[in-house]
Amino acid sequence: MAKKTKSKPVLSKAEGWNGFSLKPRKDMPEGLWMQCPGCEHMLYKSAVEKNMNVCPECNHHFRIEAAIRIKYLADEDSFQEILSEMTTDDPLNFKFRGTTYKQRIKSDEKKSGAREAMRIGKAFIKGRAVFLAVMEPNFLMGSMGFVVGEKFCTAVDKAIEEALPLVAVCCSGGARMHEGVVSLGQMAKTSAALAKLDEAGGLFISVLTDPTTGGVSASFAMLGDCLIAEPGALIGFAGPRTIAETIKVELPEGFQTSEFMLEHGFVDMIVHRRDLRSEIARLVDYCQK
Ligand SMILES: [Zn+2]
């Protein structure tokens, strides 16, 4: 026989006194919340996405895939991609920790939906025609192998041919070790291409995002006529731990961040993601390109 009581409402495991469920939220869809690495707040993912993938609490700029970057940067449907099907070869039959280069390419293609670590094409930014080169961090960490080098040089050639400003968005772990010296050769190749653009009187705006490191930072990324960094991005050649262990000194606080780079004269400006379009358009106008 059920015991009746008026003084204390009996709570079922499923329902609290105010009617809210007390059940553990097992039904929460995966990926609805995310933790910000900047401030460690738990953030509602859609709120972050609406804020251009920037943390509303601390301004941390999350890493974004090339397709989203293009959406944020270019006028709607204006990006005309070229060489989208260009894929890499495996010149060294490379294998690392039991995974071949070919297997890694396949799995990253599946994971990212990208064919390579850079996308290039003509686009408009606030009505100004530009040639865009955007790196894809989800494909082998945005590393530069033969295809990235080739696409970047093609972007430079197109910018010269069509007298367009070149805008690159860098996001890279550096040269792609899987291609050995072929990958390192891209550093010289992309730098030489930019020398041609310079001779032709072209404009190159380089946007450095988190991270811009290794062979990419040591070649085209830092060769912009104007270097724009997103806030808080890691920008450098070797990582801080490698440097600290090699030269045996304690590194200063904020070492290799955009803010540190600006203070030491390595970048020209730090621009919030929401202002990038306006700032690039302003620079194009200012340089009369
Ligand atoms: Zn945050």
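Residues numbered from 1 in each chain as written. Predicted model: local features only at pLDDT ≥ 70, side-chain atom pairs only at ≥ 80, totals over all residues. Heavy atoms only, no water.

A.B. asks: Where do I start with the overall build of the protein chain in this structure?
C.D. replies: Within the protein chain one finds nine helices and 12 strands. When each of the 289 residues of the protein chain is scored for burial, the buried share is 42%. Taking the contacts inside the protein chain whose residues are at least 6 apart along the sequence as the reference set, 65% of them involve residues at least 24 apart. For the protein chain, the exposed area adds up to about 16400 Å²; of that, 54% sits on carbon and sulfur atoms. (Helix = DSSP H or I, 4+ residues; strand = E, 2+ residues; numbered from the N terminus. Buried < 20%, exposed > 50% of the residue type's maximum accessible area, 1.4 Å probe, protein only. Contact = heavy atoms within 4.5 Å. Areas by Shrake-Rupley, 256 points an atom, 1.4 Å probe, with all protein chains shown as cover.)

A.B. asks: What should I look at first to understand the coordination of the zinc ion in this one?
C.D. replies: Metal coordination angles in their ideal form are 109.5 degrees for the four-donor tetrahedron and 90 or 180 degrees for the six-donor octahedron. Protein coordination of the zinc ion is provided by C36 (SG), C39 (SG), C55 (SG) and C58 (SG), with donor distances spanning 2.3 Å. Geometry at the zinc ion is tetrahedral, judged from the four donor atoms that bind it and their angles of 105 to 112° at the metal. Counting along the primary sequence, the residues that act as donors to the zinc ion give the motif C-x2-C-x15-C-x2-C. For C39, a relative accessible area of 25% puts it in the partly exposed group. (Donors = N, O, S within 2.8 Å, 3.2 Å for Na, K, Ca; no water. Tetrahedral: all angles 85-135°; square planar, octahedral: opposite > 155°, others 65-115°.)

A.B. asks: Any chance you could explain a nonpolar patch on the surface here in plain terms?
C.D. replies: Nonpolar side chains collect at one region of the surface, where F146, V181, V182 and L184 lie side by side and expose about 350 Å² of accessible area between them. A per-element tally of the nonpolar patch places helix α5 (residues 180-199) first, with three residues. Mapping V182 onto the fold places it in helix α5. Judged by relative accessible area, V182 falls into the partly exposed class, the value being 31%. (Patch = residues over 30% accessible without salt bridge, like charges linked within 9 Å, V, L, I, M, F, W, Y side chains within 5 Å. Salt bridge = Lys/Arg side-chain N within 4 Å of Asp/Glu carboxyl O.)

A.B. asks: Hey, could you run me through the pattern of salt bridges in this one?
C.D. replies: Any two side chains of opposite charge can pair, on the condition that their charged atoms come close. In the structure shown here, the tally under the stated rule is 18 salt bridges. Notably, a salt bridge pairs K122 with E162, separated by 3.4 Å at the nearest N-O pair. Highlighted residues: K122 in strand β6 (residues 118-125) and E162 in the loop between α4 (146-161) and β8 (166-172), separated in sequence by 40 residues. The class of K122 is partly exposed, set by a relative accessible area of 24%. A single network of salt bridges, built from pairs that share partners, joins R69, E230 and R273.

A.B. asks: Quick question: what am I supposed to make of the confidence of the model for the protein chain here?
C.D. replies: The predicted structure's coordinates, where accompanied by low pLDDT, should not be read in detail. On average, residues of the protein chain score 90 in pLDDT, and 90% of them are at 70 or above. Contacts for the low-pLDDT stretch residues 1-28, under 50 throughout, to residues beyond four places or in other chains number 13 contacts. (pLDDT = per-residue confidence, 0-100.)

A.B. asks: I keep staring at the packing of helix α2 (residues 66-73) against helix α9 (residues 276-286) and nothing clicks. Help me out?
C.D. replies: Each pair of packed helices can be described by the angle between their axes along with the distance between the axes. Relative orientation of the contacting elements α2 and α9 amounts to 65°, with a least axis distance of 9 Å. Contact with α2, carried on its side by R69, Y72 and L73, involves L276, R277 and I280 of α9 and no other residues of that element. (Axes fitted to C-alpha atoms, helices over the stretch in contact; angles between N-to-C directions.)

A.B. asks: Would you explain the side chain of S183 in this entry?
C.D. replies: Its location among the elements puts S183 in helix α5. Ignoring anything within four residues of it in the chain, the contact list for S183 reads M144, G145, A175 and R176.

A.B. asks: Where do I start with the nonpolar core in this structure?
C.D. replies: Where a protein is soluble and globular, its nonpolar side chains tend to be buried together. Membership of the largest hydrophobic core comes to 38 residues, with the highest contact counts inside it found for M118, M135, F152, L166, L194 and F220. Listing elements by their share of this core, those giving two or more residues are α3 (101-112), β6, β7 (128-135), α4, β8, α5, β9 (204-213) and β10 (226-229). When residues in this core are grouped by element, the largest group, six residues, is from α4. If sequence neighbours within four positions are ignored, M135 has contacts with A66, A117, M118, G142, V148, V169, C170, C171, S172, V216 and F220. (Core = buried A, V, L, I, M, F, W, Y, C linked by side-chain atoms within 4.5 Å.)

A.B. asks: Would you explain α4 in this entry?
C.D. replies: One turn of an α-helix holds 3.6 residues; hence residues three or four places apart share an orientation. The end-to-end C-alpha distance of α4, which contains 16 residues, comes to 22 Å, matching closely the 22 Å that a straight helix rising 1.5 Å per residue would cover. Of the positions making up α4, those classed as buried are V147, V148, G149, K151, F152, C153, T154, A155, V156 and A159. Lining the buried residues of α4 we find β3 (80-82), β6, β7, β8, α5 and β9. A163 occupies a position one or two residues after α4 and carries a positive phi of about 50°. (Expected span 1.5 Å × (residues − 1).)

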